[in-house]
Amino acid sequence: TIVHGGKQSMPLTYDNSASPFISEAELAFATAQNWTANGADSLTLYVRGQATAFAQAASGSIIMNGQGADIWGTSDQFRYAYKTLTGNGTIVARVHSVYNTPGNDGWSKAGVMIRQNAEPGSTHAFMAMISSSGNGASFQRRLTAAGDSTNNDAAAAVTKPYWVKVERVGDKFSGYISPDGVTWTQLGEAQTIVMTGPVLIGLAVTSHNATVATGVEDSDVKMT
């Protein structure tokens, strides 16, 4: 599912943390091919590694990885990079890519979140971009601590890069998406979630696979 250019690719997972420290793929053509016959003079190989836990580039882009069963149900497993917020506030980010972790049913997620605390069953509002399911975006929330999650998916398919936003006004939380960061579409209605004292506001990512990490690139992150 990873294509750097053109229409085809063959993702190859490699791991240099354990012996034998190599991964190899081989293809033998039934008939030998002369790749220079039509003027080709070079072969380029693109290699990418697992995203770092959290890194911010000079350009402002933020690279994160995250591993966990999901942000869903009554308990969450994910990586969260956050600050504290008191009172009303908004967080906006542009999600450039979310790696579709194998074995995740297309539900690797990354986006912006406001959350009561770091406990697994905490109440929260999460505007997520999805790796390949849910039409690409979903406003998810847990209205009560350790309660079931609910959501509103995008009505039509959206493709990354795409903007996401979560807004808090009192006890009302709303999730929005935008192709340009200017014109916003609200997913579902504002949700009543009672949160007390300082809350956590930041970037969240989960692989939807407890044993394999996903990677995400964000930019233009703003909090008010």
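Caption draft 1: Structural context of the pairing of strand β6 (residues 89-98). Across the 10 residues that make up β6, a large majority, seven, are buried. As defined by bridge partners, β6 adjoins strand β16 (residues 209-223) across six bridges and the pair is classed as antiparallel. Across the sheet, the residue bridging to Val92 is Lys222, located in β16.

Caption draft 2: Structural context of the sheet that holds strand β15 (residues 199-206). Taken together, the six strands give an open sheet; going across it, the order is β5-β15-β7-β8-β9-β10, and neighbouring strands pair in antiparallel fashion. Each having just a single partner strand, β5 (79-85) and β10 (149-153) make up the two edges of the open sheet. Within this sheet the neighbouring strands show an average axis-to-axis angle of 15°, counted without direction. In terms of strand pairing, strand β8 (residues 124-130) meets strand β9 (residues 137-142) through six bridges, oriented antiparallel.

Caption draft 3: Inspection of the side chain of Ser178 at higher detail. Residue position: Ser178 is located in strand β12 (residues 172-178). Within polar-contact distance, the side chain of Ser178 engages the side chain of Asp180 at 3.0 Å. At 3.5 Å, the side chain of Ser178 and the backbone nitrogen of Val182 are in polar contact. Ignoring anything within four residues of it in the chain, the contact list for Ser178 reads Tyr162, Trp163, Thr183 and Trp184.

Caption draft 4: Broad picture of the layout of surface pockets. Of the volumes computed, that of the second largest pocket is approximately 180 Å³. Around the second largest pocket, the lining residues are Phe54, Gln56, Gly60, Ile62, Ala81, Tyr82, Lys83, Leu203, Asp220, Val221, Lys222 and Met223. Contributions of two or more residues to the lining of the second largest pocket are made by β1 (54-56), β5 and β16. The element best represented in the lining of the second largest pocket is β16, accounting for four residues. Its residues assigned to classes, the lining of the second largest pocket shows seven nonpolar, two polar and three charged.

Procedures and definitions
- Residues numbered from 1 in each chain as written.
- Predicted model: local features only at pLDDT ≥ 70, side-chain atom pairs only at ≥ 80, totals over all residues.
- Heavy atoms only, no water.
- Buried < 20%, exposed > 50% of the residue type's maximum accessible area, 1.4 Å probe, protein only.
- Helix = DSSP H or I, 4+ residues; strand = E, 2+ residues; numbered from the N terminus.
- Pairing = 2+ DSSP bridges.
- Axes fitted to C-alpha atoms, helices over the stretch in contact; angles between N-to-C directions.
- Polar contact = N/O pair within 3.5 Å; in protein donor to acceptor, adjacent residues only side chain to side chain.
- Contact = heavy atoms within 4.5 Å.
- 1 Å grid on protein atoms, 1.4 Å probe; cavity = no way out; pocket = protein on both sides within 12 Å on 5 of 7 lines; lining within 4 Å.
- Points joined across faces, edges and corners; volume = space filled by probe spheres on them.
- Nonpolar A, V, L, I, M, F, W, Y, C, P; charged D, E, K, R; others polar.

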